[in-house]
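Per-entry structural report
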Amino acid sequence: MSLEENIQKVKENIAAAAREVGRDPAEITLVAATKVQSDETIRAAIAAGVTICGENRVQEMTAHLDADAYAGAEVHFIGHLQTNKVKNVVGRVELIESVGSEHLLEAIDKQAAKLGIVQDVLLEVNVGDEESKSGVAVDELEALARRACELPNIRLRGLMAIPPVAGEDGNRGFFREMHQLFVDIKRKMAHNENDINCLSMGMSGDYMDAVREGATLVRVGTALFGARPPMRPAAE
């Protein structure tokens, strides 16, 4: 199938999964995970209807921005962000989805203050309590959310997660837990609840289950672009 056909198929699957559980398909947005893709492929995806591109690596994202490859779409940073790279991301993307520590939050706030902007962020939750993954622990999420709401140059927009590799029963249990955390945080941050409207979860292998359990953003790469070519070592 062509890139255009893949994008259409994924959008149809999102809509079907939403309708299964009585959701409006318009509530869910596809984020094309464009890691290791070329400028030309990104432009083709946008021409075929992609409205948000998600990047994992600062160096690649910067090169694509400099080439104006994302023209016509928003850019989200969805990978692990080191504090020494914050200056290259803040103000250049609409949403930083992968904020999992107070240290990173404060670095983003400081850089946003320098630019005179408010940076939208999601808090990344380590919902599977995996040592190998970044993200805030579930029992520390509320404190981090409160800190995000205190910082003047941060706007908390919601939560993000990368659950463990799915077992026989898939990841619906983790997605369900994330949705409950999302609802709880929205309620507890009542002064900020109108801004908290993003729940980013689900990738190529499980995005339909994520939609069924309440995702508003799904980050899909392989199902759109096919298997990724070998990655060059990151120079960052």
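Refer to the structure above for everything that follows.
Residues numbered from 1 in each chain as written. Predicted model: local features only at pLDDT ≥ 70, side-chain atom pairs only at ≥ 80, totals over all residues. Heavy atoms only, no water.

1. A closer look at helix α2 (residues 39–47)
To keep things clear, this is the line we draw: When accessible area is computed with a 1.4 Å probe and restricted to protein chains, residues below 20% of their type maximum are described as buried, those above 50% as exposed, and intermediate ones as partly exposed. Helix numbering and strand numbering both begin at the N terminus, where a helix is a DSSP run of H or I of at least 4 residues and a strand a DSSP run of E of at least 2. What the arc covers is the set of directions going from the helix axis to the C-beta atoms. The contact definition used throughout considers only heavy atoms, calling two residues in contact when any of these lie within 4.5 Å.
Every buried residue of α2 is listed here: Ile-42, Ala-45 and Ile-46. All buried residues of α2 fall inside an arc of 100° around its axis, so they share one side. Of the exposed residues in α2, those oriented more than 90 degrees away from the buried face are Glu-40 and Ala-47. Looking at the buried positions of α2, the neighbouring elements they touch are α1 (3–20), β2 (52–55), α3 (58–66) and α8 (222–225). Among the residues trailing α2, Gly-49 stands out with phi positive, at a value near 115°.

2. As for helix α6 (residues 172–188)
Along an α-helix, a turn takes 3.6 residues, which lines up residues three or four apart on a common side. Cut-off, in case you're wondering: A helix's residues, less one, multiplied by 1.5 Å, set its expected span.
Spanning 17 residues, α6 covers 24 Å between terminal C-alpha atoms, matching the ideal 24 Å at 1.5 Å per step. Residues Phe-175, Met-178, Leu-181, Phe-182 and Ile-185 constitute the buried set of α6. The arc that holds every buried residue of α6, seen down its axis, measures 120°, which confines them to one face. Each element contacted by the buried residues of α6 is listed here: β5 (119–125), α5 (141–150), β6 (154–161), β7 (198–200) and α7 (207–212).

3. As for a negative patch on the surface
The test is simple: Patch construction takes residues with relative accessible area above 30% that form no salt bridge. Like charges are linked within 9 Å, and nonpolar side chains (Val, Leu, Ile, Met, Phe, Trp, Tyr) are linked within 5 Å. Residue burial considers only the protein chains on display, and all accessible areas are found by Shrake-Rupley using a 1.4 Å probe. Put simply, a salt bridge is a Lys or Arg side-chain nitrogen that is within 4 Å of an Asp or Glu carboxyl oxygen. When charges are counted, neither His nor the chain ends are considered; positive counts come from Lys and Arg and negative counts from Asp and Glu. A charge is said to be at NZ when it belongs to Lys, at CZ for Arg, at CG for Asp and at CD for Glu.
Together, Asp-129, Glu-131, Asp-139 and Glu-140 give the surface a local cluster of negative charge. You can see Glu-131 is positioned in the loop between β5 and α5. Under the relative-accessibility criterion, Glu-131 is labelled exposed at 85%.

4. Quick notes on unusual backbone geometry
For Val-36, which is not glycine, the phi dihedral falls at a positive 65°. With respect to the element layout, Val-36 can be found in the loop between β1 (29–33) and α2. For Asp-68, which is not glycine, the phi torsion reads 60° and is therefore positive. Tracing the chain through its elements places Asp-68 in the loop between α3 and β3 (74–77).

5. A short note on the nonpolar core
Defined as follows: For the purposes of this section, nonpolar cores are sets of buried Ala, Val, Leu, Ile, Met, Phe, Trp, Tyr and Cys residues that join through side-chain atoms within 4.5 Å.
The biggest cluster of nonpolar side chains holds 63 residues, and the ones touching the most others in it are Ile-108 and Val-218. A per-element tally of this core places α1 first, with six residues. Each residue touching Ile-108, except ones within four places of it in the same chain, is listed here: Leu-81, Val-86, Val-90, Ile-96, Val-99, Gln-119, Val-121 and Ile-154.

6. Remarks on the pattern of salt bridges
Two side chains with opposite charge may pair up if their charged atoms get near one another. Under the counting rule described, the total for this entry stands at 16 salt bridges. In this structure, Glu-213 engages Arg-176 in a salt bridge whose closest nitrogen and oxygen atoms are separated by 3.1 Å. One end of the pair, Glu-213, is in the loop between α7 and β8 (217–220); the other, Arg-176, is in helix α6, with 37 residues separating them in the sequence. Judged by its relative accessible area of 12%, Glu-213 falls in the buried class. Overall, the relative accessible area of 45% leaves Arg-176 in the partly exposed class. Residues joined by salt bridges that share partners form a network here, namely Glu-20, Arg-172, Arg-176, Asp-209, Arg-212 and Glu-213.

7. What about the packing of α5 against α6?
The criterion, for reference: Only the stretch in contact is used when fitting a helix axis, every axis being a line fitted to C-alpha atoms; angles between N-to-C directions are given from 0 to 180 degrees. Our angle categories are set so that under 35 degrees counts as roughly parallel, over 145 as roughly antiparallel, 65 to 115 as roughly perpendicular, and the remainder as oblique. Should the near helix be turned anticlockwise from the far one by less than a right angle, the crossing is termed left-handed; should it be turned clockwise, right-handed. Ten residues, namely Ala, Val, Leu, Ile, Met, Phe, Trp, Tyr, Cys and Pro, are considered nonpolar, four, namely Asp, Glu, Lys and Arg, are considered charged, and the remaining ones, Gly among them, are considered polar.
The interhelical angle for the contact between α5 and α6, taken along N-to-C directions, is 45°, at an axis separation of 11 Å. Considering the angle they form, α5 stands oblique to α6. Handedness of the α5/α6 crossing: right-handed. Contacts from Leu-141, Glu-142, Ala-145 and Arg-146 of α5 reach α6 at Leu-181, Ile-185 and Lys-188. Class assignment of the residues belonging to the contact of α5 with α6 gives a composition of four nonpolar, no polar and three charged.

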